[in-house]
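Summary of structural features
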Amino acid sequence: MDDRQRRTRWAEVFSSLASEPRLHIVELISEDPVQCQEILAQLDLSQPAVSYHLAKLERAGVLQKEREGTRNCYRLREELRTLIRSVMKEEGSWNTQ
């Protein structure tokens, strides 16, 4: 991957984080994998809106979706875990509610 591709990739990641609901999701999954229903219960959004935000984060490579039985479970990608935790530690929390 050349420098331009690397910068484009990081721009996609940071662009996907430029929303309060998506930051809230990242905060929820920063420690452990979380089922979709748990994320839905924490956000004041409809199920389609939560699915939209999860898909945007997944396309950007911020999170990974896994199946646990009949449910989807989401986890922060390992490559971003240190960066996200570092920022969260510095700021205390991203949750603005």
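Residues numbered from 1 in each chain as written. Predicted model: local features only at pLDDT ≥ 70, side-chain atom pairs only at ≥ 80, totals over all residues. Heavy atoms only, no water.

Walk down a regular strand and you will see the side chains alternate between the two sheet faces. Where strand β1 (residues 34-35) meets strand β3 (residues 71-76), 2 bridges bridge the pair, whose relative direction is antiparallel. The partner of Q35 across the bridge, within β3, is C73. Bridge count for strand β2 (residues 63-68) against β3 is 6 bridges, and the pairing is antiparallel. By the bridge assignment for β3, L63 is matched with L76. Connecting the antiparallel pair β2 and β3 is a turn made up of 2 residues, with G69 showing a positive phi of about 65°. (Pairing = 2+ DSSP bridges. Helix = DSSP H or I, 4+ residues; strand = E, 2+ residues; numbered from the N terminus.)

This paragraph deals with a nonpolar patch on the surface. A contiguous nonpolar surface patch, about 330 Å² in accessible area, is contributed by W10, F14, L83 and V87. Mapped onto the nonpolar patch, the elements with two or more residues apiece are α1 (3-16) and α5 (78-91). Within the secondary structure layout, W10 lies in helix α1. (Patch = residues over 30% accessible without salt bridge, like charges linked within 9 Å, V, L, I, M, F, W, Y side chains within 5 Å. Areas by Shrake-Rupley, 256 points an atom, 1.4 Å probe, with all protein chains shown as cover. Salt bridge = Lys/Arg side-chain N within 4 Å of Asp/Glu carboxyl O.)

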